[in-house]
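Secondary and tertiary structure notes
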Amino acid sequence: MSIQTASTSVETATGQAKTMVLNMGPQHPSTHGVLRILLELDGENVVKAIPDMGYLHTGIEKSCEDKTYSQAITLTDRIDYLSPLGNNLAYCLAVEKLLGLEVPKRAQYIRVMMVELQRISSHLVWLGTHAIDLGAMSVFLYCFREREEILKIFEFVAGQRMMTSYIRIGGLALDLPAGWRQRVEKFLKMMPGRIDEYEDLLTGNRIWIGRTKDVGYISAEDAVALSMTGPTLRAAGLAYDNRKVFPYSSYDEFQFDVPTRTDSDCFGRYMIRVAEMRESLKIIRQALDKIAPDGPFRTEAPGIIPPEREKMKTEMEALIYHFKIFTEGFSPAPGQAFATIESPRGELGVFVASDGSPKPLRVHFRAPSFINLQALPKLIEGKLLADVIACIGTIDIVLGEVDR
Amino acid sequence: MAENSNQNTSVVVERLRGWSANAISEVIEFRGETTIVVPRNVLRDVAERCRGDKELQFNLLTDATCVDRYPLEPRFEVNYHLVSIPRRDRLRLQVRLSSDDPAVDSLVPVWPGANWLEREIFDLMGIRFNGHPDLRRILMPEDWEGHPLRKDYPVEGYRDIPTTASRYTRNRP
């Protein structure tokens, strides 16, 4: 429907065009949190949209400056609460880069497996909530059923369902528990069929296509100019994925494809995310084969990585290091490092600056939701009000990450 | 990998130096990352070069952030993180600003995506961006005083700001 035909309201018909300002949010179920959008409407058409956020701003970057490097990990969980492991990983990669630490291969593979599980769980929440926004209630229930299985794996491995803090500087918090392989195997066996089920419900569904096809188009040039990354950029045709372009944590040893499309609308972004779930399953399968049953799960770096319990009982140095790490922390050399990962939402970057003290001088998170949200006015201006819901959903914002 | 990044660095530095001798005041190599320190007055021109030059092609501005080195001077370091998607390269542009005039040219005309990033730095660090189309606070309330990420701003905030709880108890009989 073009703008001209849609805006035949009473005012325009009588020549007295008037626009109205509608305040959407911050308490609106389809904004996925506390996002407020000021919408200037002409009939049902959006003339102008101004996103307003900060309702969830908790000053995490400031708080990090007051914690030691290790303590700050717990804060990173709470930024993007749908992908805590991804945040842990990005932060730890940045600190490890600052320290010049090498992480054992086994720990890298375990990190990859956990982060890919996290990607699937995040995409499931996205798919479920996006579908519920557009009126498909049952998809939500199915998605959360499978997400629950992933959270159970997290609880089994890390002791926590969501705020895991499992990935630590130099490796992992704990080794994998006995029986983890069977659990992940079981999930891998179950999941492909379940993704087919979601596709059966949505991909050919006429209502779904009607609500998402040709909605929220953005060209590749605009997407790059507005610094968009992640599935949104890949749906516009650019195969920019940090796992391939700037591999971290041994991603270069895994075989997987980066799905791209050229339609760059809400439907295209949906198809990209579904394809990404399948690719993640492939990666997890390969990680299962790569992870050795035994081996180190964190690197050895006296004074930075806590020593093993056993050593503390027999070696005096280990006891001293343990005491120093948990009271004072460790001091990286002055400098700055920027590490990026491909989070479910796009390029998640962590910038850490050190002045040689045990607390970071500055921690900054390049939050993909925050930057992708910047393109929202571009997606919805001139379009129908109902499309606003589809567009917010399709950018996949997490307000905890937007506001930090 | 490291060798490769050094080669890329020399290309970038050469291209920028070849364009103008004043374009670069310092090149820092740390942990495989390249930081090019740029004088404040040429930042926008250098950014324009980085994006437009056929051999550089830094088409994606991925991040902008600021470090406060209080009480040292120059106090602020504004960092722009660039990515060249076709060349698979990263670069950090850095501008150093003193505390008496923390202002720099906005990069929104070069990368429209700088808009919110610079608003965030303005909001939390108090750096002014000349030529920014919409320089308003973005995360803090509009009537907020001070810039919370500055080092002279206390972590726990200023205590005289009434909290919801204190308001509640004050209004009770």
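Everything quoted here is computed from the prediction, not taken from an experiment. (Residues numbered from 1 in each chain as written. Chains lettered and ligands numbered in written order. Predicted model: local features only at pLDDT ≥ 70, side-chain atom pairs only at ≥ 80, totals over all residues.)

1. As for the packing of helix α8 (residues 180-202) of chain A against helix α13 (residues 266-290) of chain A
Residue and element names in this part refer to chain A. Selection criterion: Only C-alpha atoms enter the line fits that serve as axes; for helices the fit covers just the stretch in contact. Angles between N-to-C directions range over 0 to 180 degrees. Put simply, DSSP marks the helices as runs of H or I at least four residues long and the strands as runs of E at least two long, and each gets a number from the N terminus on. If an angle is under 35 degrees, it is roughly parallel; if it is over 145, roughly antiparallel; if it lies from 65 to 115, roughly perpendicular; otherwise it is oblique. Helix crossings are classified by the rotation of the near helix relative to the far one: an anticlockwise turn of less than a right angle makes the crossing left-handed, while a clockwise turn makes it right-handed. The contact criterion used is a C-beta to C-beta distance within 7 Å, with each C-beta placed from the backbone. Side-chain classes follow a simple rule in which Ala, Val, Leu, Ile, Met, Phe, Trp, Tyr, Cys and Pro form the nonpolar group, Asp, Glu, Lys and Arg form the charged group, and the remainder, Gly included, forms the polar group.
At a minimum axis distance of 11 Å, the contact between α8 and α13 shows a crossing angle of 160°. As summarised for this structure, α8 and α13 are arranged roughly antiparallel, according to the angle between their axes. Between α8 and α13 the crossing geometry is left-handed. Across from R181, V184, L188, M191, P192, I195 and E199 in α8, the residues of α13 making contact are V274, M277, R278, L281, I284, R285 and L288. When grouped by side-chain class, the residues that make up the contact of α8 with α13 number 10 nonpolar, no polar and four charged.

2. Digging into the environment of E118 of chain B
By the element assignment, E118 of chain B lies in helix α3 (residues 114-125). Along the sequence, E118 of chain B and V37 of chain B sit 81 residues apart, while their C-alpha atoms lie 18 Å from each other.

3. Focus: the domain arrangement of chain A
All names here are of chain A. Rules: Those domain boundaries reflect an automatic or database domain assignment.
Under the domain assignment, chain A is made up of domain 1 (3-52) and domain 2 (60-403). The straight-line distance from the C-alpha centre of domain 1 to that of domain 2 is 34 Å. At the interface, 16 residues of domain 1 touch 17 residues of domain 2. Within the residue set of the side of domain 1 that touches domain 2, elements represented by two or more residues are α1 (3-6), β2 (36-42) and β3 (45-52). Per-element tally for the side of domain 1 that touches domain 2: the top contributor is β3, with five residues. Residue classes in the side of domain 1 that touches domain 2 are distributed as nine nonpolar, five polar and two charged.

4. Structural notes on the interface of chain A and chain B
Opposite the 32 residues of chain A that make contact, chain B presents 25 residues. When contributions to the side of chain A that touches chain B are tallied by element, the ones reaching two or more residues are α3 (60-65), α5 (84-99), α10 (220-225), β6 (335-343), β7 (346-354), β8 (362-366) and α16 (368-373) of chain A. When its residues are assigned to classes, the side of chain A that touches chain B shows 14 nonpolar, 10 polar and eight charged.

5. Considerations on helix α7 (residues 137-158) of chain A
Rules: A helix is expected to reach a length of 1.5 Å times the quantity of its residues less one.
For α7 of chain A, built from 22 residues, the straight-helix expectation of 32 Å at 1.5 Å per residue is met to within 8% by its first-to-last C-alpha distance of 31 Å. Of the residues one or two after α7 of chain A, G159 of chain A is the one with positive phi, at around 90°.

6. Observations regarding the packing of α5 of chain A against helix α6 (residues 105-133) of chain A
Residue and element names in this part refer to chain A. As a packed pair, α5 and α6 sit with axes 8 Å apart at the nearest point and diverge in direction by 140°. The orientation of α5 with respect to α6, classified from their angle, is oblique. On α6, the residues touching L85, G86 and L89 of α5 are R111, M114, V115 and Q118.

7. Describing the sheet that holds strand β2 (residues 33-37) of chain B
Residue and element names in this part refer to chain B. The cut-off we apply is this: Whether two strands pair comes down to DSSP finding at least two bridges between them.
With mixed pairing, five strands are arranged side by side in an open sheet as β1-β2-β5-β4-β3. Of all the strands in the sheet, just β1 (26-30) and β3 (60-68) have a single pairing partner and so form its edges. In this sheet, adjacent strand axes meet at a mean angle of 25° when their direction is disregarded. Note that β1 and β2 share five bridges and pair antiparallel.

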